[in-house]
Amino acid sequence: MTVSTASKNETIAFDLEKLNQEFETATPKQILAWSVENIPTGLVQTSAFNVDDMVITHILYSELKFPVPVILLDTLYHFDETLELVAKAKQIYNLDLQTYKTLEADSPETFEAKFGDALWDKDILKFHEITKIEPLLRGLDELNSVAWITGRRRDQAVTRANMPIFELDGKNRLKVNPIAAWTRKDSWLYVAEHGVIYNPLHDQGYPSIGDKPITTKVADGEDERAGRWRGSNKTECGIHI
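This is a predicted model, so every value here is computed, not measured. Throughout this document, residue positions are counted from 1 along each chain, in the order its sequence is written. Totals for whole chains, interfaces and linings use every residue, but because this is a predicted model, local features are given only for residues with pLDDT of at least 70 and side-chain atom pairs only at 80 or more, for both listing and counting. The side-chain quantities take in all heavy atoms of the structure and omit both hydrogens and water.

**Student:** Please set out helix H7 (residues 124–142) residue by residue, giving values where relevant.
**Tutor:** Across its 19 residues, H7 extends 26 Å between first and last C-alpha, which sits within 8% of the 27 Å expected from 1.5 Å per residue. Maximum bend of H7: about 40°, positioned at Ile130. For the exposure calls, accessible area comes from a 1.4 Å probe over protein chains only, and a residue counts as buried if that area is under 20% of its type's maximum, exposed if over 50%, partly exposed in between. In this description a helix means any DSSP run of H or I spanning at least four residues, a strand means any run of E spanning at least two, and both kinds are numbered starting from the N terminus. Considered for burial, the residues of H7 that qualify are Phe127, His128, Ile130, Thr131, Lys132, Ile133, Pro135, Leu136, Arg138, Gly139 and Leu140. A positive backbone phi angle near 55° is found at Asn144, which sits one or two residues after H7. Multiplying 1.5 Å by the residue count of a helix minus one yields the expected span of that helix. Bend is computed residue by residue as the angle between axes fitted to the seven residues ending at the residue and the seven residues starting at it.

Take a look at the structure:
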């Protein structure tokens, strides 16, 4: 696999198989340290500001002192608590926050005027294409990214069980999953040890937080992502497919 860094006008070649073997038992900090050392330009983090994302941001900004751009997809339907956390994180970490949203609307009202009420109920694929997939791809392109960091873990869903630490996306960008081998417990232990800020909704029955209209609480014994798109067989919004 090769990744081109436009800023230096050179090509960096990575052996994904070798990298995944080498870093399978590495810590998230070690994985991220390798990433910032080997991809000094064109590296970004995508964040929904869930607890796992906040762990990664803390490692990058507080431990490694490497403030990569953080992409937030403003779907127009975030919980107030999520937006409050974004503002708090921006202040605490002095985040290089890059917010992207659909070009079709700038508020829930204008979105619904254009696409009708509750598009997520009528056509969830179209809703995610408009609010997440297109803005993400545009953001990655505009930031000249050659690699992006995600907060996914293998234990979050069956669809993620075999996720590698390093992979390629559909545009041949390097995709880094530094906490792939961690469990939910590992993330929360890190939060407790390092005093990482997090969304208070996590304490109210929402282990995974997405858009307010389509995120519900999760009961004991349910998969932590069971509250996302409840009532459908959907397991991913489309960003990671």
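From this point, the discussion proceeds with the structure in view.
**Student:** Run through the side chain of Asn50, naming residues and quoting values.
**Tutor:** Along the chain, Asn50 falls in the loop between strand S3 (43–46) and helix H3 (51–63). Assessed through its relative accessible area of 10%, Asn50 is described here as buried. Once residues within four sequence positions are removed from consideration, Asn50 is found in contact with His202, Pro207, Ser208 and Ile209. The contact definition used throughout considers only heavy atoms, calling two residues in contact when any of these lie within 4.5 Å.

**Student:** Help me get a handle on the packing of H3 against helix H4 (residues 80–93), residues and values and all.
**Tutor:** Fitted lines through C-alpha atoms serve as axes, helices being fitted only where they are in contact, and the angles separating the N-to-C directions of these axes extend from 0 to 180 degrees. The contact between H3 and H4 brings their axes to 11 Å, and the two run at 15°. Classified by the angle their axes make, H3 and H4 are roughly parallel. By crossing handedness, the relation of H3 to H4 is classed as right-handed. Here Met54, Thr57, His58, Tyr61 and Ser62 of H3 lie close against H4, whose contacting residues are Leu85, Ala89 and Tyr93. Amino acids are sorted into nonpolar (Ala, Val, Leu, Ile, Met, Phe, Trp, Tyr, Cys and Pro), charged (Asp, Glu, Lys and Arg) and polar (every other residue, Gly among them). Residue classes in the contact of H3 with H4 are distributed as 5 nonpolar, 3 polar and no charged. By the definition adopted for this analysis, an angle is roughly parallel if under 35 degrees, roughly antiparallel if over 145, roughly perpendicular if from 65 to 115, and oblique otherwise. Take the far helix as your reference; a near helix turned counterclockwise from it by less than a right angle gives a left-handed crossing, and one turned clockwise gives a right-handed crossing.

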